[in-house]
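# Overview (structure and organization)
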Amino acid sequence: VPFFRGLPPDDFDQVVDLLRPLTFLADDVVVREGEEGDSLFLIGRGVVRVQREGSDEPLATLLAGDFFGEMALLSGKPRNATVRAVTHCSLYELRRKDLAILHELRPDIRRALELAYLQRSSPAPASA
């Protein structure tokens, strides 16, 4: 995950201790649109698809090294999309209370999450 690159080994070990490993099978729902979002997920292995309820058109397909869930986590609003495993997935969950600990350890990680939030929440430019 980009915002963990360059962490000194001791800091990285502390971050890893905050992550909760989870496994999902293909077609499992990881998060559902409208649910409370008190965590974000890092993809260790596998593929997930992000889409709105009632739509067959995916908003995004995410792979190992990507993350999702930061929008609900940082905004305090409900999840704005459903994320479903496309393949068997190994994910790592970072909960709100652990993000506060991480923020104390590495404030730059929270800033990177906030930047990702702003980029993902900005409307896409219209195509010609």
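For the structure itself, look to the data block above.
Below is a short write-up of the structure.

Here is what the cut-offs are and how they apply
Residues numbered from 1 in each chain as written. Predicted model: local features only at pLDDT ≥ 70, side-chain atom pairs only at ≥ 80, totals over all residues. Heavy atoms only, no water. Pairing = 2+ DSSP bridges. Helix = DSSP H or I, 4+ residues; strand = E, 2+ residues; numbered from the N terminus. Phe/Tyr/Trp six-rings, centres within 6.5 Å; stacked < 30°, edge-to-face > 60°. Buried < 20%, exposed > 50% of the residue type's maximum accessible area, 1.4 Å probe, protein only.

Turning next to the pairing of strand β5 (residues 58-63). Alignment of strand β4 (residues 47-51) against β5, held across five bridges, turns out to be antiparallel. Each bridged residue has a counterpart across the sheet, and for valine 50 the counterpart in β5 is alanine 60. Turn length for the β4-β5 hairpin, with the two strands adjacent in sequence and antiparallel, is six residues, and the turn residue glycine 54 shows positive phi of about 80°.

Residue aspartate 27 is not a glycine yet carries a positive backbone phi of 80°. For aspartate 27, the location among the structural elements is in the loop between β1 (20-24) and β2 (29-31).

For the rest of this paragraph, the subject is the packing of aromatic side chains. Under the counting rule described, the total for this entry stands at one aromatic pair. A ring pair is formed by phenylalanine 41 and phenylalanine 68, whose centres lie 5.2 Å apart and whose planes are at 15°; its orientation type is stacked. You can see phenylalanine 41 sitting in strand β3 (residues 39-45) and its partner phenylalanine 68 sitting in strand β6 (residues 67-68), a full 27 residues away along the chain. Of the two residues examined, phenylalanine 41 and phenylalanine 68, each falls in the buried class.

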